[in-house]
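Here's the letter readout for the chains.
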Amino acid sequence: MQPIIEFLHVTREYRLGEETLRAVDDVSFSIQEGDFVVILGPSGAGKSTVLNLLGGMDRASSGEIRIKGQNIAGYSEQQLTRYRAENVGFVFQFYNLIPTLTAWENVALTKEVIRNALDADEVLGSVGLASHRDQFPSQLSGGQQQRVAIARAICKNPTMLLCDEPTGALDSETGTIILTLLQKLSREGRKTVIIVTHNTSLAKAADKVIRIRNGKVQAVEINETPLNVSEVKE
Ligand SMILES: Nc1ncnc2c1ncn2[C@@H]1O[C@H](COP(=O)(O)OP(=O)(O)OP(=O)(O)O)[C@@H](O)[C@H]1O
Ligand SMILES: [Mg+2]
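Residues numbered from 1 in each chain as written. Chains lettered and ligands numbered in written order. Predicted model: local features only at pLDDT ≥ 70, side-chain atom pairs only at ≥ 80, totals over all residues. Heavy atoms only, no water.

(A) Region of the structure containing the environment of Lys68. By the element assignment, Lys68 lies in the loop between strand E4 (62-67) and strand E5 (70-71). You can call Lys68 partly exposed: its relative accessible area is 47%. When the C-alpha positions of Lys68 and Ala151 are compared, they lie 24 Å apart, and in sequence the two are 83 residues distant. Apart from residues no more than four positions distant in its own chain, Lys68 is found in contact with Gln2, Ile4, Asn87 and Thr159. Side-chain polar atoms of Lys68 contact the side chain of Asn87, separated by 3.1 Å. (Helix = DSSP H or I, 4+ residues; strand = E, 2+ residues; numbered from the N terminus. Buried < 20%, exposed > 50% of the residue type's maximum accessible area, 1.4 Å probe, protein only. Contact = heavy atoms within 4.5 Å. Polar contact = N/O pair within 3.5 Å; in protein donor to acceptor, adjacent residues only side chain to side chain.)

(B) Inspection of the site of ligand 1 at higher detail. Around ligand 1, a shell composed of 13 residues is seen, among which Ser43, Gly44, Lys47, Ser48 and Thr49 lie nearest. The separation between a nitrogen atom of ligand 1 and a polar side-chain atom of Tyr14 is 3.4 Å. The backbone of Gly46 places a nitrogen or oxygen atom 3.0 Å from an oxygen atom of ligand 1. Taken by itself ligand 1 offers 640 Å² of open surface, and the protein chains cover 62% of this. Secondary-structure elements contributing two or more residues to the shell around ligand 1 are strand E2 (19-31) and helix H1 (47-54). Here the shell around ligand 1 gets 3 residues from one element, more than from any other, and that element is H1. Along the lines of polarity and charge, the residues of the shell around ligand 1 split into 5 nonpolar, 6 polar and 2 charged. (Near = heavy atom within 4 Å. Areas by Shrake-Rupley, 256 points an atom, 1.4 Å probe, with all protein chains shown as cover. Nonpolar A, V, L, I, M, F, W, Y, C, P; charged D, E, K, R; others polar.)

(C) Broad picture of the sheet that holds strand E6 (residues 88-91). The strand order across the open sheet formed by 6 strands is E6-E7-E8-E3-E9-E10, and the pairing between neighbours is mixed. On the outer flanks of this sheet lie E6 and strand E10 (216-222), each paired with one strand and no other. The average angle at which neighbouring strand axes cross in this sheet is 15°, direction not considered. The pairing of E6 with strand E7 (residues 160-164) spans 4 bridges and is classified as parallel. Its bridge partner being in E7, Val88 is matched across the sheet by Met160. (Pairing = 2+ DSSP bridges. Axes fitted to C-alpha atoms, helices over the stretch in contact; angles between N-to-C directions.)

(D) Quick look at the pattern of salt bridges. The full count for this structure, using the stated rule, is 12 salt bridges. For Asp58, the salt bridge identified is with Arg12, shortest N-O distance 3.0 Å. Residue Asp58 is located in the loop between H1 and E4, and its partner Arg12 is located in strand E1 (residues 5-16); the two are separated by 46 residues in the primary sequence. In this structure, Asp58 and Arg12 share a single accessibility class: buried. Here Glu86 makes a salt bridge to Arg82, at a shortest N to O gap of 3.1 Å. With Glu86 and Arg82 both in helix H2 (residues 77-87), this residue pair falls 4 residues apart, about one helical turn. Assessed through its relative accessible area of 39%, Glu86 is described here as partly exposed. The network of salt bridges with common partners includes Glu13, Arg22, Asp25 and Lys216. (Salt bridge = Lys/Arg side-chain N within 4 Å of Asp/Glu carboxyl O.)

What follows is the structure in structure tokens.
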């Protein structure tokens, strides 16, 4: 089966004065549709840069990023905007909700920019927040705010969900609830879910683990029988 995502010799360089920093250095990997993928690596390894390149929020210096066979590294700004709108749901460590909008309004906002957005109430229900729809972010717990952020991302009905340390600001019990939800979206919703985390034990729950260090892929592991998130010990 053709992979949904292929990185082929991708490099991302930053200019720092006279120096050139290779944040991503000749990275290649592939991901199948519906996979639950964990990206691991120390701070500064290039994990967020890989995720931003994949999400069309940053541009590679060289190499190809093929999504469903199309090289997005060669896209114009306009093509990239459309790619992000149609394919990418992003979940951040600190939720990035709009504080003056309710949970429902934060999710429903997607409808303003995305054609074929899903129904905000249905999506809020699917993350267990139907009864919290009219609360503002400040009136929700961290775990609930992150579920609103996930609802907002899946409201676009994206092909892939990119999550940069989605449990970084949560206690481990709440983190498990969030990761269980993300694994369920991959298993039952057939979404391709990619999670950047420092939690190495999550590797056992992943279909695929990509280990990154100094901008390079150190190892790619495939689990034939991944555990449920709830079975993974921190
Ligand atoms: N816009 C930028 N300009 C210059 N350097 C950058 C930029 N973004 C990232 N870098 C550098 O690229 C390297 C990789 O950064 P990245 O944010 O991808 O790391 P990370 O693996 O996500 O780290 P962390 O676990 O701390 O979030 C770092 O050395 C960082 O300083
Ligand atoms: Mg990062």
